[in-house]
Amino acid sequence: MRRLTITVLILVCFSFSLFAQRGDYVIDEVILEPKDPILATVIAIGPGFLAHGFGHFYSEDYRMGLLLFGTEIISLILVGVGYVEYSSPRNFTDVADNESEVKRAGMIAMISGIALFTAGWLVDITMAGRAAEQYNIENNLQFRMQQESNGVLVPGVMLSLNF
């Protein structure tokens, strides 16, 4: 009885290895899709206004995306601190001699924050398309518009891989 059990177990183990499908297991395979430079720019304009760097995150340029997002946070802090200084200068008179200097410093901080916010957003808009093109070049991908049989270009992705 013991021999029969061992024989059945060995047959079951070998049968699993014989009939297993080889295509079921994929290890370290990444499917890359080309990035649309126009879509990267649109993402930088729309959602990128609320969180700078979205266009670069789409283009998988995470370093620049995080740098732009950090710039946005710093600019918002500057605007907030400037607003607090400008709206209640009496709380900051120990830093400066009079309230007019505190108000002026608050206004300068707010304007600097707004300028930094706008500059970061414009950098995201202008460079997101280039980041998408660079991603496509680095991964040997080409982004093209699909062409229908009547010669009209249709928005879509045509994937072509170069090896």
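Each value, and the rule that gives it
Residues numbered from 1 in each chain as written. Predicted model: local features only at pLDDT ≥ 70, side-chain atom pairs only at ≥ 80, totals over all residues. Heavy atoms only, no water. Helix = DSSP H or I, 4+ residues; strand = E, 2+ residues; numbered from the N terminus. Buried < 20%, exposed > 50% of the residue type's maximum accessible area, 1.4 Å probe, protein only. Contact = heavy atoms within 4.5 Å. Areas by Shrake-Rupley, 256 points an atom, 1.4 Å probe, with all protein chains shown as cover. Core = buried A, V, L, I, M, F, W, Y, C linked by side-chain atoms within 4.5 Å. Salt bridge = Lys/Arg side-chain N within 4 Å of Asp/Glu carboxyl O. Arc of directions from axis to C-beta. Polar contact = N/O pair within 3.5 Å; in protein donor to acceptor, adjacent residues only side chain to side chain. Axes fitted to C-alpha atoms, helices over the stretch in contact; angles between N-to-C directions. Parallel < 35°, antiparallel > 145°, perpendicular 65-115°, else oblique. Left-handed = near helix turned anticlockwise from the far one by under 90°. Nonpolar A, V, L, I, M, F, W, Y, C, P; charged D, E, K, R; others polar.

Draft legend 1. Structural view of the overall build of the protein chain. Along its length, the protein chain carries six helices and two strands. Listing every helix and strand of the protein chain by position from the N terminus yields α-α-α-α-α-α-β-β. Buried positions account for 25% of the 163 residues belonging to the protein chain. Considering only residue pairs separated by 6 or more positions, the protein chain has 54% of its internal contacts joining residues 24 or more positions apart. For the protein chain, the computed accessible surface area is about 12000 Å², with 65% contributed by carbon and sulfur atoms.

Draft legend 2. Fine view of the nonpolar core. One finds Ala40, Ala44, Ile125, Ala128 and Ala132 forming the largest nonpolar core, which totals five residues. For this core, the elements supplying multiple residues, two or more each, are helix H2 (37-45) and helix H6 (99-138). Excluding its chain neighbours within four sequence positions, the residues that come into contact with isoleucine 125 are Thr41, Ala44 and Ile45.

Draft legend 3. Layout of the pattern of salt bridges. This model, assessed by the stated rule, comprises two salt bridges. Where lysine 35 meets glutamate 60, a salt bridge forms, and the shortest distance between an N and an O atom there is 3.4 Å. On the criterion of sequence distance, the pair formed by lysine 35 in the loop between helix H1 (2-19) and H2 and glutamate 60 in the loop between helix H4 (54-58) and helix H5 (62-87) is long-range, its members being 25 residues apart. Judged by its relative accessible area of 13%, lysine 35 is buried.

Draft legend 4. Structural view of H2. Buried within H2 are the following residues: Pro37, Ala40, Ile43 and Ala44. Seen from one end, H2 has its buried residues packed into an arc of 120°, which puts them on one side. Between the side-chain oxygen of the N-cap and the backbone nitrogen of isoleucine 38 there are 3.1 Å, and the N-cap of H2 in question is aspartate 36.

Draft legend 5. Structural detail: the packing of H5 against H6. With their axes 7 Å apart at the nearest point, H5 and H6 run at an angle of 160° to one another. On the basis of the axis angle, H5 is roughly antiparallel to H6. Of the two elements, H5 crosses H6, and the hand of that crossing is left-handed. Residue composition of the contact of H5 with H6, by class: 18 nonpolar, seven polar and four charged.

Keep in mind these numbers describe shape, not what the thing actually does.
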